[in-house]
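Take a look at the letters that make up each chain.
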Amino acid sequence: MAKTTMIKAITAAMDEELKRDDKVLVFGEDVGKNGGVFRATDGLQEIYGEDRVFDTPLAESGIGGLAAGLAFTGFRPVPEIQFFGFVFEVMDSIAGQISRERYRMGATRKMPVTFRAPFGGGVHTPELHSDSLEGLMAQTPGLRVVIPSGPYDAKGLLISAIRSDDPVVFLEHMKLYRSVKEEVPDEAYIVPLDKAAVKREGSDVSIITYGYMVQESLKAAEDLAKEGINAEVVDLRTVSPLDEETILASVKKTGRVVLVQEAQAQAGISPAVASLIAEKGILSLEAPIGRVSAPDTPYPFSEAESTWLPNKKDIVEKVKEVVNF
Amino acid sequence: MAGIDFDKLKNIVDDKFETVRVLDNDGNVVNKDLFPDLSDEQIVELFKKMVWSRVLNERSTKLNRQGRLGFFAPTAGEEASQIGSEFAMEKEDYILPAYRDVPQLVLHGLPLYKAFLWSRGHVDGNKYPENFNALPPQIIIGAQYVQAAGIALGLKKKGSKNVAYTYTGDGGTSQGDFYEGINFAGAFKAPAIFVVQNNGYAISVPRAKQTAAKTLAQKGVAAGIPFVQVDGMDALAMYSVMKAAREYAAAGNGPVLIETLTYRFGPHTLSGDDPKRYRTAEEEQEWKEKDPLIRMRTYLDKKGLWSEEKEKAWTEEVNKEIDEAMVLTEKAPKQKVSEYLKNVFVDTPATIQEQIDKYTKKEAE
């Protein structure tokens, strides 16, 4: 066991699964010799050969079709979409085809496909690289959408995703790739899908969040603690379907909720969490639900990222507002 | 700019085209070299399947009008293209049909009553045994092309000697997925056969408005894969070309693109399309004279292999098959939302389980 980055944990997860199951195939743009533009697949082609880790022509819809066809013929595809902002090119394969094949064919087929993709702001990309589009995926029946918040979860969740017989969209926040190090076991291990995690216990307010915003929320919680506010931080991990049990238990415990996401207010997962709490947890609430999210514009020009993206300060302010209601 | 003759460059491809034909309109063999390696009995069998498809087209239309069938995309006129190509394929080959390609799907092994259930909108129509290498008819134009590349690559990786084959129409070639599919299959040298059934119209938009390309077959040039244009009203030419393409792909040479020149005698679907709005009676008449059934019948008559009595008896048999299938279709159980919910995931999440419980309770009431 050693302290490692999320990108290395992700590579390790694919390595474990390629080793364990010869039906696992890793493919996409630049994933072969180049090891991926972020080096997520670094060294894998060398170990497992071009038959199992391979470059594709540059076309996302083609990659989606490949994933579907390979799943139909008994493989366990792990395609990479180079940046999740390119997902619009492959929406039909994901939302129109793969997510509904099992349903369409009356449970006579399964689609064990894991789409991996980097996303997320704060790293000064050109447009359509950083967008938080998980909400689009979450509104698609038949898909699981998983977003890890750090290295340990990333490895265990990706292994679970690849082993899952259902399609998973696995989104990796670019800012997390190398900024956070955690102890990560060398061997394969599982972090279960469909389960949120309480990343910090607290009693005054529940900050419910996912992805990079978990890190910002944990920092906010430290600051708040100094002011006597004890915040709980819930990391959704699987953002669709929601782990209702963990969310509602936290709401019941604290009675106050702040939903934090990097996506725009109209997008993302917070609206679904708010709806869940309104339906099944409203009697626990002692204040209106607070929300921290980005403004409803397309992802900003990169020079303005820092004013657009939600941050620790926004979270601290919103938590105080909800606690002092 | 002086010195570059762009029209000449374009014509390098445009000028090279021939349409492959074996039988002319009068049933005479015009290309002995391409005559299929089929016995007389097999050719009769091919023709019987074409008649089967024509009868199925007529009955499906009536059953739709009676409200006993749902969605139907008429197939009359396209029998040579559809049945001729299917007839060249092996049972273990993987078919990815579009919504007009139900006859091939049934001949490939889908029980007719299941095709009818699909038409009516019943999930049981799409429940395929694990070893049935087929997908349900694709609705999204082009999606089957990228999937065919994937299935073909899967077959190649498994060391299978089988191929994937898929269909779209003339309009389908304008989709990005059309190019991505043929290009991926080419890049991976995957055993796929892409059939473009060019019936002249994408619903109402004529072929000429789809592309500046002279033929749809030549779109294979850009992907670097072999391509051929076939008389899609000539079942023997269709069979020969498809069979050769199958052998080429199965031998590990990569994909083939086939354009078939055909015509649908009826409307696009039975959901309100009126071809009179976009086709002339003269044009329709011209194509009816190329009817693939007449051409084959004339050929078989000349050889003494077919007769009016035989056709009458066979038609009766087909009608009986359709009647029997309809009995099974109408016996299908009522669909349940609880089953739908169970079918979404292999590992059912708690949120869905809650809904399964709710609907199971409602359905028991």
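What you see is a predicted model, and the numbers here were worked out from it, not measured in a lab.

**Notes on the pattern of salt bridges**
Residues and elements named next belong to chain B. Counted under the stated rule, the structure contains 42 salt bridges over all chains. Of the charged contacts, one joins Arg68 and Glu330 as a salt bridge, the two residues approaching to 2.9 Å between their closest N and O atoms. Within this pair, whereas Arg68 is found in the loop between α2 (40-65) and α3 (79-86), its partner Glu330 is found in helix α12 (residues 308-330), the two being separated by 262 residues in sequence.

**Describing the domain arrangement of chain B**
Its domain assignment divides chain B into domain 1 (6-334) and domain 2 (337-365). A separation of 38 Å is found between the C-alpha centroids of domain 1 of chain B and domain 2 of chain B.

**Some thoughts on the environment of B:Val241**
All names here are of chain B. With respect to the helices, strands and loops of the structure, Val241 is situated in helix α9 (residues 235-253). Taking the C-alpha atoms as reference points, Val241 and Lys276, 35 residues apart in sequence, are found 33 Å from one another. Residues within four places of Val241 in sequence aside, it is in contact with Val20, Val228, Val230 and Ile258.

**Brief notes about the domain arrangement of chain A**
All names here are of chain A. Domain boundaries assigned for chain A yield domain 1 (1-181) and domain 2 (195-322). Using C-alpha coordinates to define each centre, domain 1 is positioned 26 Å away from domain 2. Taken together, the contact pairs 26 residues of domain 1 with 21 residues of domain 2. It is Ser132, Ile147 and Ser149 in domain 1 that bury the most area against domain 2; as a group they hold 23% of the surface buried on that side. The interface formed by domain 1 and domain 2 contains two salt bridges. Among the ionic pairs, Lys199 bridges to Asp153, the shortest N-O distance being 2.5 Å. Between domain 1 and domain 2 we count 16 residue pairs in polar contact (both at pLDDT 80 or more) in total. Listed by contribution, the elements that provide at least two residues to the side of domain 1 that touches domain 2 are α6 (134-138), β6 (144-146) and α7 (151-163).

**Examining the interface of chain A and chain B**
Listed by partner, the interface residues are 42 residues for chain A and 40 residues for chain B. Counting the surface lost from both chain A and chain B, the interface buries some 3,300 Å², and carbon and sulfur atoms represent 62% of this. Considering only the side of chain A, the residues that lose the most area to chain B are A:Thr73, A:Tyr103 and A:Arg109, jointly responsible for 17% of the buried surface there. Here chain A and chain B share two salt bridges between them. Its salt-bridge partner being B:Glu354, residue A:Lys280 comes within 2.9 Å of it at the nearest N-O pair. Among the secondary structure elements, those contributing two or more residues to the side of chain A that touches chain B are β3 (53-55), α3 (60-72), α4 (91-97) and α5 (101-104) of chain A. Ranked by residue count, the leading element in the side of chain A that touches chain B is α3(A), at ten residues. Its residues assigned to classes, the side of chain A that touches chain B comprises 17 nonpolar, ten polar and 15 charged.

**Some points on empty space enclosed by the protein**
If you walk through the whole model with that rule in mind, you get four cavities of 30 Å³ or more. Here the largest cavity is characterised by a volume of approximately 100 Å³. Lining the largest cavity are 13 residues, and of these B:Ser60, B:Phe71, B:Phe72, B:Val102 and B:Ser119 lie nearest its centre. When contributions to the lining of the largest cavity are tallied by element, the ones reaching two or more residues are α2, α4 (102-108) and α5 (112-120) of chain B. Here the element with the most residues in the lining of the largest cavity is α5(B); it accounts for four residues. Within the lining of the largest cavity, the residues separate by chemical class into eleven nonpolar, two polar and no charged. There is about 50 Å³ of room inside the second largest cavity. The wall of the second largest cavity is formed by A:Phe119, A:Ser132, A:Glu134, A:His173, A:Tyr210, A:Gly211, A:Tyr212, A:Met213, A:Gln261, A:Glu262 and A:Ala263. A class-by-class count of the residues in the lining of the second largest cavity yields five nonpolar, four polar and two charged. Taken domain by domain, the makeup of the lining of the second largest cavity includes at least three residues from each of domain 1 (1-181) and domain 2 (195-322) of chain A.

**So, the sheet that holds strand β9 (residues 197-200) of chain A**
Residues and elements named next belong to chain A. Taken in spatial order, the five strands make up an open sheet running β9-β11-β10-β13-β14, and their pairing is mixed. A strand with exactly one partner marks an edge of an open sheet, and here the two such strands are β9 and β14 (290-294). Across the sheet, the mean angle from the axis of one strand to that of its neighbour is 25°, orientation sign disregarded. Packing of helix α9 (residues 212-226) onto the sheet brings it into contact with β9, β10 (205-209), β11 (231-235) and β13 (257-264), and relative to β11 it is tilted by some 170°. Relative to β10, helix α10 (residues 244-254) is tilted by about 155°, and along the sheet it contacts β9, β10, β11 and β13.

**Some words on a positive patch on the surface**
A contiguous patch of positive charge, built from A:Lys3, A:Lys8, A:Arg39, A:Arg178 and A:Lys181, is present on the exposed surface. Mapped onto the secondary structure, A:Lys181 falls in the loop between α8 (176-179) and β8 (182-184).

**With respect to unusual backbone geometry**
Here the bond from A:Ser240 into A:Pro241 is cis, since omega is -5°, no more than 30 degrees from zero. If you trace the backbone, A:Pro241 turns up in the loop between β12 (238-240) and α10. Of note, A:Ala107 is a non-glycine position whose phi angle comes to about 65°, a positive value. Mapping A:Ala107 onto the fold places it in the loop between α5 and β5 (114-119). On the basis of relative accessible area, A:Ala107 is assigned to the partly exposed category, the value being 28%. A positive phi angle, close to 50°, is found at B:Lys189, a residue other than glycine. Mapped onto the secondary structure, B:Lys189 falls in the loop between α7 (176-187) and β4 (192-198). Assessed through its relative accessible area of 45%, B:Lys189 is described here as partly exposed.

Conventions we followed
- Residues numbered from 1 in each chain as written.
- Chains lettered and ligands numbered in written order.
- Predicted model: local features only at pLDDT ≥ 70, side-chain atom pairs only at ≥ 80, totals over all residues.
- Heavy atoms only, no water.
- Salt bridge = Lys/Arg side-chain N within 4 Å of Asp/Glu carboxyl O.
- Helix = DSSP H or I, 4+ residues; strand = E, 2+ residues; numbered from the N terminus.
- Domains from an automatic or database assignment.
- Contact = heavy atoms within 4.5 Å.
- Buried area = accessible area lost by both parts, 1.4 Å probe.
- Polar contact = N/O pair within 3.5 Å; in protein donor to acceptor, adjacent residues only side chain to side chain.
- Nonpolar A, V, L, I, M, F, W, Y, C, P; charged D, E, K, R; others polar.
- 1 Å grid on protein atoms, 1.4 Å probe; cavity = no way out; pocket = protein on both sides within 12 Å on 5 of 7 lines; lining within 4 Å.
- Points joined across faces, edges and corners; volume = space filled by probe spheres on them.
- Pairing = 2+ DSSP bridges.
- Axes fitted to C-alpha atoms, helices over the stretch in contact; angles between N-to-C directions.
- Patch = residues over 30% accessible without salt bridge, like charges linked within 9 Å, V, L, I, M, F, W, Y side chains within 5 Å.
- Areas by Shrake-Rupley, 256 points an atom, 1.4 Å probe, with all protein chains shown as cover.
- Lys, Arg positive; Asp, Glu negative; His and termini not counted.
- Charge placed at Lys NZ, Arg CZ, Asp CG, Glu CD.
- Buried < 20%, exposed > 50% of the residue type's maximum accessible area, 1.4 Å probe, protein only.

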